[in-house]
Amino acid sequence: MEFTAKQIADFIGGRVEGNEQTTIHTFTKIEEGKEGAITFLSNPKYAHYIYDTEASIVLVNDDLQLEHPVKATLIRVPNAYECVAKLMQMYAQSLPKKTGIDPLAFVSESAKIGQDVYIGPFTYVGEGVTIGDGTRIFPNVTIYDGCQIGKNVTIHAGAVIGADGFGFAPNQEGYEKIPQLGIVIIEDDVEIGANTCIDRSTMGQTIIHKGVKLDNLIQVAHNCEIGENTVMSAQAGMAGSTKIGGWCMVGGQAGFSGHIKIADKTFIGAQAGVISNTKGDGEQLIGSPAIDPKVFFKAQAVVKRLPDMYRQIAQLQREIDAMKEKMNIEF
């Protein structure tokens, strides 16, 4: 399918600079632009590419100031990144979608499968599982008994939903397993990345609320809860009974100790280690243990000076020792 610059601008509420009849049929990165493709510029680091890109159309922010003429047709919008995402969603929705259960998948006879569901090859769906309408489950996903999956959920390859939580009680002979008798509930419009694991609860439910987006290789332990529209980057991990609020943003490799509560709209930096409850909406935390960014950067400035400070202290100690020896005084 081809679209003109005018059609695209009308759809996203943009303003065309150049030939309104320029057509495109695909997407590209600005540094790899080619004829017939649309791209975007939102990060200033890539601004120099706009003068040489071969892309036919470039989405740019309204406030972009050009230093030289450009070959491409521009479409100015308030937020180029958001607009290209909107266009890509429209394009993805126009593509044919797979539905049905692949003959190589195993689905228990007691599972309840909604309409327009896709279940890929080598997927396992256990007894009593419920899967809502429009959900897509890619190859090699495992969904254990009793788990509930909402509508329009996407679960990428290799994810495991409902494995036992990590529950063991120490005794004189080693460790005794604590039965994990609960389930996992995944609400509507959730996306779960490849090889992410969400453990069933000891009792009750591990809950992923509506609109949550989880990246690849994330660990969600038993009895955890993630609030609506929270997003979490790859390799983050949650210990048991952690509760994360809604609209939070969690960076890659962040870790959460168990039995803590993270308030709504908390922003957790990459590799942060969160060990206690957070204070309130809008808080930002980085580092391990996680602290306010201003405090963290002040501390890091001191850390960089530690070798010099150590040498200065050692020199002062030598001078003090020399003075004590000379004066024959013990302090």
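Residues numbered from 1 in each chain as written. Predicted model: local features only at pLDDT ≥ 70, side-chain atom pairs only at ≥ 80, totals over all residues. Heavy atoms only, no water.

Chemist: In this structure, what is going on with the sheet that holds strand 7 (residues 73-77)? I would like to understand it.
Modeler: What holds strands together in a sheet is hydrogen bonding between their backbones, with the strands either parallel or antiparallel. If you walk across this open sheet you meet the 5 strands as 2-7-6-5-4, and the pairing is mixed. Because the sheet does not close on itself, it has two edges, and the strands there are strand 2 (15-17) and strand 4 (26-27). Across 5 bridges, the pairing between strand 6 (residues 57-61) and strand 7 is parallel. Residue pairing across strands places Val-58 opposite Leu-74, the latter belonging to strand 7. Sitting on the sheet, helix 1 (residues 5-12) touches strand 2, strand 5 (37-41), strand 6 and strand 7, and the angle it makes with strand 7 is about 5 degrees. Its contacts with the sheet place helix 2 (residues 80-94) against strand 4, strand 5, strand 6 and strand 7, and it is angled at close to 135 degrees to strand 6. (Pairing = 2+ DSSP bridges. Helix = DSSP H or I, 4+ residues; strand = E, 2+ residues; numbered from the N terminus. Contact = heavy atoms within 4.5 Å. Axes fitted to C-alpha atoms, helices over the stretch in contact; angles between N-to-C directions.)

Chemist: Quick question: what am I supposed to make of the environment of Glu-20 here?
Modeler: With respect to the secondary-structure elements, Glu-20 resides in the loop between strand 2 and strand 3 (23-24). Separated by 53 residues in sequence, Glu-20 and Thr-73 have C-alpha atoms that sit 7.8 Å apart. Excluding residues within four positions of it along the chain, Glu-20 makes contact with Thr-4, Ala-5 and Lys-6.

Chemist: Looking at this structure, I do not really get the nonpolar core. What am I missing?
Modeler: The nonpolar side chains of soluble globular proteins are, as a tendency, buried together. Ranked by internal contacts, the top residues of the largest apolar core, which has 44 residues, are Ile-143, Ile-155, Ile-161, Ile-186 and Phe-256. If sequence neighbours within four positions are ignored, Ile-161 has contacts with Thr-142, Ile-143, Tyr-144, Cys-147, Ile-149, Ile-155, Val-184, Ile-186, Ile-192 and Ile-198. Ile-12, Ile-24, Ile-38 and Ala-80 belong to the second largest nonpolar core, which has 14 residues in total. (Core = buried A, V, L, I, M, F, W, Y, C linked by side-chain atoms within 4.5 Å. Buried < 20%, exposed > 50% of the residue type's maximum accessible area, 1.4 Å probe, protein only.)

Chemist: Would you mind going over helix 3 (residues 293-327) with me for this structure?
Modeler: Helical geometry note: an α-helix holds 3.6 residues per turn, so side chains three or four residues apart project in the same direction. For helix 3, built from 35 residues, the straight-helix expectation of 51 Å at 1.5 Å per residue is met to within 8% by its first-to-last C-alpha distance of 48 Å. Between a side-chain oxygen at the N-terminus of helix 3 and the backbone nitrogen of Lys-294 the separation is 2.8 Å; the capping residue is Asp-292. Positive backbone phi, approximately 55 degrees, marks Asn-328, located one or two places after helix 3. (Expected span 1.5 Å × (residues − 1). Polar contact = N/O pair within 3.5 Å; in protein donor to acceptor, adjacent residues only side chain to side chain.)

Chemist: I keep staring at the state of the cysteines and nothing clicks. Help me out?
Modeler: When the sulfur atoms of two cysteines share a covalent bond, that bond is a disulfide. Inspection of every chain in the model, using the stated rule, returns 0 disulfides. Free of any disulfide, Cys-197 has its nearest neighbouring cysteine sulfur in Cys-147, separated by 12 Å. Residue class for Cys-197 comes out partly exposed when judged on its relative accessible area of 25%. (Disulfide = S-S within 2.5 Å.)

Chemist: Help me understand the packing of aromatic side chains, please; the structure alone is not making it clear to me.
Modeler: Within this structure, the stated rule accounts for 7 aromatic pairs. Considering the side-chain rings of Tyr-118 and Phe-138, the 6.1 Å spacing of their centres and the 65 degrees angle between planes classify their relative orientation as edge-to-face. Of this pair, Tyr-118 sits in strand 11 (residues 118-119) while Phe-138 sits in the loop between strand 14 (136-137) and strand 15 (142-143), and the two are 20 residues apart along the sequence. On the accessibility criterion, Phe-138 (22% relative accessible area) is partly exposed. The cationic tip of Lys-86 hangs over the ring face of Phe-11; the distance from NZ or CZ to the ring centre is 5.1 Å. (Phe/Tyr/Trp six-rings, centres within 6.5 Å; stacked < 30°, edge-to-face > 60°. Lys NZ or Arg CZ within 6 Å of the ring centre and 35° of its normal.)

Chemist: Which parts of the structure should I look at to understand the environment of Arg-200?
Modeler: Structurally, the position occupied by Arg-200 is in the loop between strand 23 (197-199) and strand 24 (205-208). A relative accessible area of 9% means that Arg-200 is categorised as buried. For the pair formed by Arg-200 and Gln-7, sequence separation is 193 residues and the distance between their alpha carbons is 48 Å. Only 2.9 Å separates the side chain of Arg-200 from the backbone oxygen of Gly-182, close enough to count as a polar contact.

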